[in-house]
Amino acid sequence: MSKLFRAVIMGPPGSGKGTISERIAHSFGLKHLSSGDFVRENIAAKTEAGVLAKTYIKKGLLVPDHVMTRLLLPRLEEMTKYSWLLDGFPRTLAQAEALNSACDLDVAINLNIPLETLKERLQHRWIHPPSGRVYNMCFNPPHVQGKDDITGEPLIQQEDDRPEALVARLRHYKDVAKPVIDFYKAKGILYTFSDTETDRIWPNISTLLSTKISTIQSDARCASTH
Ligand SMILES: Nc1nc2c(ncn2[C@@H]2O[C@H](COP(=O)(O)OP(=O)(O)OP(=O)(O)O)[C@@H](O)[C@H]2O)c(=O)[nH]1
Ligand SMILES: Nc1ccn([C@@H]2O[C@H](COP(=O)(O)OP(=O)(O)O)[C@@H](O)[C@H]2O)c(=O)n1
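Here is what the cut-offs are and how they apply
- Residues numbered from 1 in each chain as written.
- Chains lettered and ligands numbered in written order.
- Predicted model: local features only at pLDDT ≥ 70, side-chain atom pairs only at ≥ 80, totals over all residues.
- Heavy atoms only, no water.
- Helix = DSSP H or I, 4+ residues; strand = E, 2+ residues; numbered from the N terminus.
- Rg over C-alpha atoms; globule rule 2.2 N^0.38 Å.
- Contact = heavy atoms within 4.5 Å.
- Areas by Shrake-Rupley, 256 points an atom, 1.4 Å probe, with all protein chains shown as cover.
- Lys, Arg positive; Asp, Glu negative; His and termini not counted.
- Charge placed at Lys NZ, Arg CZ, Asp CG, Glu CD.
- UniProt positions renumbered as here; feature names shortened; annotations may be inferred.
- Buried < 20%, exposed > 50% of the residue type's maximum accessible area, 1.4 Å probe, protein only.
- Near = heavy atom within 4 Å.
- Polar contact = N/O pair within 3.5 Å; in protein donor to acceptor, adjacent residues only side chain to side chain.
- Axes fitted to C-alpha atoms, helices over the stretch in contact; angles between N-to-C directions.
- Parallel < 35°, antiparallel > 145°, perpendicular 65-115°, else oblique.
- Left-handed = near helix turned anticlockwise from the far one by under 90°.
- Salt bridge = Lys/Arg side-chain N within 4 Å of Asp/Glu carboxyl O.

## Let's talk about the overall build of the protein
Each helix and strand counted, the protein has eight helices and seven strands in total. Compactness check: the protein gives a C-alpha radius of gyration of 18 Å against a globular reference of 17 Å for 226 residues, within 12% of the reference. Taken along the three principal axes of its C-alpha coordinates, the protein extends 55 × 35 × 30 Å. Intrachain contacts of the protein at a sequence separation of at least 6 include 72% that bridge at least 24 residues. When the accessible area of the protein is evaluated, it comes to approximately 11900 Å², of which 55% is carbon and sulfur surface. Between the mean site of the 29 positive side-chain charges and the mean site of the 26 negative ones, the protein shows a separation of 1 Å.

Structure, rendered in structure tokens:
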């Protein structure tokens, strides 16, 4: 059985993690696991973790590590047979260490996008909560304004995308992201991409993953022939 490929994608709110994760999942057949969607599912289901998480999100804060880890790790247990890309987790060093104890990663993708670009993007972001589909009035608008392309259901703007919540989130993100970036740099699996446009970043990420995934598959083939 060929070795599975596991990656995480990191970046500040609005950096394009979800957008690029969808392209990676589609191009490379990886399962896209969105920690933000897991959080929203728990909030909608009013689980104990969801109710707790909601109090932090309303203030534009990160959910405590033990809540996020308790929410995420059982979901990863269900994915042991799949190659996957994890989006939005880890966001802190404690989360990175918890993930590291649960599984090995092949690549950590880090998106480095300027603050003004993030603000601009999130002001125009609309989402369809039931599916998690993401739109942007400037980048990928829905066919009908305010309506999801697939279901026709209404689109919303997320509370924590409001400029006043965003400033708090961006400041907090910078403080907690650096140790995570250093953690993966020390493991030799960090790859950082800096630009203002996803369409310019995407070809570089695609080339990296093509190289990494084919290397893993050829190693697995070699191993299976010895
Ligand atoms: N103008 C523009 N918008 C983009 C680009 N890439 C993504 N977007 C939009 O910017 C917004 C943020 O992109 P997401 O993929 O949701 O970013 P994210 O990192 O997942 O955001 P969080 O879930 O908040 O962490 C969305 O509305 C995207 O449609 C781009 O290159 N240019
Ligand atoms: N590791 C994580 C992931 C999400 N979250 C929370 O869940 C919310 C939604 O996650 P998301 O990935 O869709 O949103 P962004 O913070 O990326 O914009 C975040 O704003 C955080 O409040 C968290 O606290 N810790």
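From this point, things continue past the structure.
## Focus on the UniProt feature "binding site: a ribonucleoside 5'-triphosphate" (unreviewed entry) in the protein
Here the UniProt feature "binding site: a ribonucleoside 5'-triphosphate" (unreviewed entry) sits at G14, S15, G16, K17, G18, T19, R125, V134, Y135 and T198. With respect to the helices and strands, the residue G14 is situated in the loop between strand 1 (6–10) and helix 1 (17–28). You can call G14 buried: its relative accessible area is 12%. Within the element layout of this structure, V134 appears in strand 6 (residues 133–136).

## Remarks on the site of ligand 2
The environment of ligand 2 is formed by 18 residues, the closest being R40, V63, R91, D160 and R169. Interatomic distance of 2.9 Å between a backbone N/O atom of G88 and a nitrogen atom of ligand 2. In isolation ligand 2 has 510 Å² of accessible area, and contact with the protein removes 94% of it. The greatest single-element share of the shell around ligand 2, amounting to four residues, is contributed by helix 2 (residues 35–44).

## Regarding the packing of helix 4 (residues 65–77) against helix 5 (residues 93–102)
Remark: helix 4 packs on helix 5, axes separated minimally by 10 Å, with the N-to-C direction vectors making an angle of 25°. Judged by the inter-axis angle, helix 4 sits roughly parallel to helix 5. As for how helix 4 packs across helix 5, the hand of that crossing is right-handed. Contacts from D65, M68, T69, L73 and L76 of helix 4 reach helix 5 at A94, Q95, A98, L99 and A102.

## Observations regarding the side chain of Q95
Inspection of the secondary structure assignment puts Q95 in helix 5. For Q95, the side chain forms a polar contact with the main-chain nitrogen of R91, separated by 2.8 Å. Not counting chain neighbours up to four residues away, the residues in contact with Q95 comprise V63, D65, M68, T69, F89 and P90.

## Some points on the pattern of salt bridges
One pass over the structure, following the stated rule, counts twelve salt bridges. Notably, a salt bridge pairs D106 with K3, separated by 2.9 Å at the nearest N-O pair. Note that D106 is positioned in the loop between helix 5 and strand 4 (107–112) and K3 in the segment before strand 1, a separation of 103 residues in sequence. Take D106: its relative accessible area is 16%, and that puts it in the buried class. Taking the relative accessible area as the measure of exposure, K3 reaches 45% and is therefore partly exposed.

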